[in-house]
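# Fold and contact review
Below, each chain spelled out in residue letters.
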Amino acid sequence: MNMDAHITRPETISSFPAVAVVIVNWNGLMFLPACLLALSRQTHPNVEIVVVDNASTDGSVAYLEQQHPHVQIIRNARNVGFAAACNQGIQATSAGLIALLNNDAIAHPQWLAAMVAMMVDPAVGMCACRMLSMHDADVIDSTGIAVDRLGYAWGIGGGLQDRPENYPAPHQLLGPSGGAGLYRRRMLDDIGLFDEDFFAYLEDVDLAWRAQWAGWQCRFAADAIVFHVHSATTAQIPHLKSRLLARNRIWMIAKNYPARFLLAYLPLLILSEAGALMHLARRGRLRSSLRGRLEAIQRIPTMLSKRSQTPRRITDRQMMARLQPVELPDKLLQRYQFVAHKQS
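As a starting point, this report considers the structure included with it.

What counts, and where the lines are drawn
Residues numbered from 1 in each chain as written. Predicted model: local features only at pLDDT ≥ 70, side-chain atom pairs only at ≥ 80, totals over all residues. Heavy atoms only, no water. Axes fitted to C-alpha atoms, helices over the stretch in contact; angles between N-to-C directions. Helix = DSSP H or I, 4+ residues; strand = E, 2+ residues; numbered from the N terminus. Contact = heavy atoms within 4.5 Å. Nonpolar A, V, L, I, M, F, W, Y, C, P; charged D, E, K, R; others polar. Parallel < 35°, antiparallel > 145°, perpendicular 65-115°, else oblique. Left-handed = near helix turned anticlockwise from the far one by under 90°. Buried < 20%, exposed > 50% of the residue type's maximum accessible area, 1.4 Å probe, protein only. Polar contact = N/O pair within 3.5 Å; in protein donor to acceptor, adjacent residues only side chain to side chain. Phe/Tyr/Trp six-rings, centres within 6.5 Å; stacked < 30°, edge-to-face > 60°. Lys NZ or Arg CZ within 6 Å of the ring centre and 35° of its normal. Expected span 1.5 Å × (residues − 1).

## Let's talk about the packing of helix α9 (residues 259-282) against helix α10 (residues 286-298)
- Close contact between α9 and α10 brings their axes to 8 Å; oriented N to C, the two are set at 145°. Residues Glu273, Ala276, Leu277, Leu280 and Ala281 of α9 form the contact with α10, whose own contacting residues are Leu286, Ser289, Leu290 and Arg293.
- Counted by class, the contact of α9 with α10 contains six nonpolar, one polar and two charged residues.

## Quick word on the packing of helix α8 (residues 240-256) against α10
- For the pair α8 and α10, interaxial distance at closest approach is 7 Å and the crossing angle is 30°. When the axis of α8 is compared with that of α10, the two are roughly parallel. Of the two elements, α8 crosses α10, and the hand of that crossing is right-handed. Residues Ser242, Arg243, Ala246, Arg247, Ile250 and Trp251 of α8 pack against Ser288, Ser289, Arg291, Gly292, Arg293, Glu295 and Ala296 of α10.
- When its residues are assigned to classes, the contact of α8 with α10 shows four nonpolar, four polar and five charged.

## What about the side chain of Arg130?
- With respect to the helices, strands and loops of the structure, Arg130 is situated in strand β6 (residues 124-133).
- Of the residues examined, Arg130 reaches a relative accessible area of 13% and is grouped as buried.
- A polar contact is formed between the side chain of Arg130 and the side chain of Asp162, at a distance of 2.9 Å.
- Side-chain polar atoms of Arg130 contact the side chain of Tyr167, separated by 3.0 Å.
- When residues no more than four places from it in sequence are discounted, the contact partners of Arg130 are Ser142, Thr143, Asp162, Tyr167, Phe220, Ala221, Ala222, Ala224, Ile225 and Val226.

## Focus: the packing of aromatic side chains
- Tallied over the full model, the rule gives five aromatic pairs.
- Measuring from ring centre to ring centre gives 5.9 Å for Phe198 and Trp251, while their planes differ by 55°; the resulting arrangement is tilted. A residue pair is termed long-range when its members are at least 10 positions apart, and Phe198 in the loop between α6 (185-191) and α7 (203-213) and Trp251 in helix α8 qualify at 53 residues.
- Taking relative accessible area as the criterion, Trp251 reaches 2% and is therefore assigned buried.
- Their ring planes at 65° and their centres at 6.5 Å tell us that Trp209 and Tyr257 sit as a pair that is edge-to-face. With a gap of 48 residues between them, Trp209 in helix α7 and Tyr257 in the loop between α8 and α9 connect regions that are remote in the sequence. Accessibility assignment for this pair places Trp209 and Tyr257 in one class, buried.
- A cation over a ring is seen here: Arg312 above Trp213, with NZ or CZ 4.1 Å from the ring centre.

## Focus on α9
- When the terminal C-alpha atoms of α9 are compared, their 33 Å separation across 24 residues agrees well with the 34 Å that a helix rising 1.5 Å per residue should span.
- Burial in α9 covers these residues: Phe261, Tyr265, Leu269, Ser272, Glu273, Ala276 and Leu280.
- The elements touched by buried residues of α9 are α8, α10 and α12 (316-322).
- Immediately downstream of α9, the backbone of Gly284 shows phi near 75°, a positive value.

Structure follows, in C-alpha cells:
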C-alpha cells in the first residue's frame, strides 16, 4: 500500500487544522509498521508525522528511512526519555494541534478527526481518546487520566468493559494519556512542555495538572479509538516502571498539590506511602520503589521551585474539586490490577 495515498492536495486541506503526530520510539521496530499504516489511513487530511528515535539498536531508523520517507525522523544519540523526546517532536513542528501516539498503538481511521472535532472551543486545550487493549478489544486500557487526593493517577476505565458507563465523567477527567491524546499548541505555549526531569511516566499527568491550574479544559472523544499494547517498551527493563512511578508521583505532588490543603492530607499521604511499600514488597519491587522515593526526596526543593512556573487561574478549592476522593485500599488496588496484569 502507498503510505502517502491519504495525502490530499494542499489547496484542499488548508481549511483543516494542521495536526502533527509525535511518536517516540525506542527499539520498537516490531510495532512501527502497523502504527504507521494506521496513521496513513486517517480521515483527517492535514497530518504530519514526527518520529523521535531514542537511540534504537533494532534497525528502526533504517526502516523509517527506507519505507516511510514522508516521516520526519529525529535521531537521538542516547535514550533521552519519553518526556524529552516528546518535547523534541513538538518543537520540530509548527502545527497548532499535536497528537501523541505510542509506537505500540494502532489508531482507528477516525481517531484524529474525532479528537480535532472536540477542539472547536478555544478553551479546550486537551482531548482524551478511547484506548482499548490490543489483546482484547472489549477491554478499556484508558479513556483519560484521573488523579485522587493522594496523588495517585490512573487510566480511567482501565480493565473494565468497553461500555459508555465506564467512560469518564467531565469532573473526573484531568487530561489525556500521553500514549494517545491531543494537545493544543497554544496551551503548551502557556504552561510549558513536558517536564524532562520525569524521564518517563506521569509526565502526562503532571502536564494535565498544570493545564488545569491554568484554566484549560479537557474533553473526551468517544469516537476516537486506538488499540494499545500496554507497557510494551518499559517491559524491556525490569523494575524501571516502579522506580519511575514512585519518584515521579512525589515530584508531581510537590509541583501541583494545592498548598492550602496539603497539610490536612499529609497524614493520609504518609499512610498511603507506607501501604504502597508493603504492597510492593509482596510483589518483589520494594528495592526499585525505595530507590525512586529516595531520588524524589533529594530533588524536592527543585520541584517546589517549579510551582511558580505554572499560571494559576483557579483557586486551591477549585483544584481540589478536580481531584477524586480518597478511596479504601482495596479499591485503590483494584484500579491497578489491570496494569499489574499487563506488566507480568
